Structure formats: structure tokens, C-alpha cells
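Residue strings, one per chain:
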Amino acid sequence: MIGLVLMLLSWATSMGAVVDCNTVTGIISACSTFINYGSPEPYPGSPCCDAVTDMNLIADSTDSRRFICGCLMGLITTYNPNSTAVATLPGFCEVPLGFIIDPNTDCNLYIFLHLF
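This one's a predicted model, so the numbers in the text were calculated from it and none came from an experiment. (Residues numbered from 1 in each chain as written. Predicted model: local features only at pLDDT ≥ 70, side-chain atom pairs only at ≥ 80, totals over all residues. Heavy atoms only, no water.)

1. Some points on the side chain of Ser46
Inference 1: Summarising the element assignment, Ser46 is placed in the loop between helix H3 (32-37) and helix H4 (47-58).
Inference 2: Within the structure, the side chain of Ser46 is placed 2.7 Å from the backbone oxygen of Tyr43, a separation counted as a polar contact. (Helix = DSSP H or I, 4+ residues; strand = E, 2+ residues; numbered from the N terminus. Polar contact = N/O pair within 3.5 Å; in protein donor to acceptor, adjacent residues only side chain to side chain.)

2. Topic: the pattern of salt bridges
Inference 1: Evaluated as defined, the whole model comprises one salt bridge.
Inference 2: Residue Arg66 is joined to Asp63 by a salt bridge in which the shortest nitrogen-to-oxygen separation is 3.3 Å. Here Arg66 and its partner Asp63 are both found in helix H5 (residues 62-78), three residues apart, which amounts to about one turn of the helix. (Salt bridge = Lys/Arg side-chain N within 4 Å of Asp/Glu carboxyl O.)

3. Looking at unusual backbone geometry
Inference 1: Of note, the amide linkage connecting Ser39 to Pro40 takes the cis form, showing an omega dihedral of -10 degrees.
Inference 2: Note on placement: Pro40 falls in the loop between H3 and H4.
Inference 3: For Glu94, which is not glycine, the phi dihedral falls at a positive 60 degrees.
Inference 4: Inspection of the secondary structure puts Glu94 in the loop between helix H6 (83-93) and helix H7 (107-113).

4. Section: the state of the cysteines
Inference 1: On inspection of all chains with the given rule, the structure shows four disulfides.
Inference 2: Note on cysteine connectivity: Cys49 is disulfide-linked to Cys93, with sulfurs 2.1 Å apart. Sign of the S-S torsion, about -80 degrees for the bond between Cys49 and Cys93, identifies this disulfide as left-handed. Residue Cys49 is located in helix H4, and its partner Cys93 is located in helix H6; the two are separated by 44 residues in the primary sequence. The pair formed by Cys49 and Cys93 is uniform in burial state, with each residue classed as buried.
Inference 3: Disulfide pairing is shown between Cys69 and Cys107; the S-S distance is 2.0 Å. Residues Cys69 and Cys107 are joined by a disulfide whose S-S torsion is about -75 degrees; by sign, that bridge is left-handed. Here the residue Cys69 occupies a position in helix H5, and Cys107 occupies one in helix H7, the gap between them amounting to 38 residues. (Disulfide = S-S within 2.5 Å. Buried < 20%, exposed > 50% of the residue type's maximum accessible area, 1.4 Å probe, protein only.)

5. Side note on H6
Inference 1: Three or more residues of H6 are buried, namely Ser83, Ala85, Val86, Leu89, Pro90 and Cys93.
Inference 2: Buried residues belonging to H6 abut helix H2 (21-28), H3, H4 and H5.
Inference 3: Positive phi shows up at Glu94, right after H6, with a value of about 60 degrees. (Contact = heavy atoms within 4.5 Å.)

Read these as geometric descriptors, not functional statements.
This is how it looks when you write it as C-alpha cells:
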């Protein structure tokens, strides 16, 4: 998984590209058991939390963080009624993503306001 993220980071840096939702979905799939069933709870160092950490690593710019935020908002809609599980991942994993995973989060406004 780490190798994949490093490859994606290298590609994104060299191409000046923003990560896409397929990448975010692929990374977060390491948490699918927790998202779908509510257990086992992820913890720092678990594969799920490693994936959340990897996602944070590719969120290396305002644009990529905003885009990842939008992808996660789409995932919480997809995983409804288990959207709370997606929202709790940063807390369980102790990884601040720079935005709150909540259906009411406006990724453009929230990240913009927190730049100043």
C-alpha cells in the first residue's frame, strides 16, 4: 500500500495533477469492514489507519485536500446509513485531514476559510 501511495505521490508531483476519487476510494477500501459492519474499530498502525494516513499524505495541497474532501462526501452518501463510520476514521486513526467529514461540510468553503 505504501509503495502505491509513493508512486501516486511521485506521479501527482511530476504531473501537477490532483488525486481522483477512484484513488481515494481505493485507499479507503482498507477500511471497508469497519465502514460496513462497525467493527473492528481501527487503531493507529492498523491497515485501515495506515490507509487514512496515506490519504493524508496525498492531500499535499489545498486543491488535493479539497478534492479528497469532496470524494469523501460522496462516500458518506454511498455508505449511508453507515456514514458515521467514515466520519470517525480520522479520530480513530489520529490523523487530522484538515476538514470535517460530515454531509453538511462545504469542502470549498471550509478549506478556503481555514487557509487564513
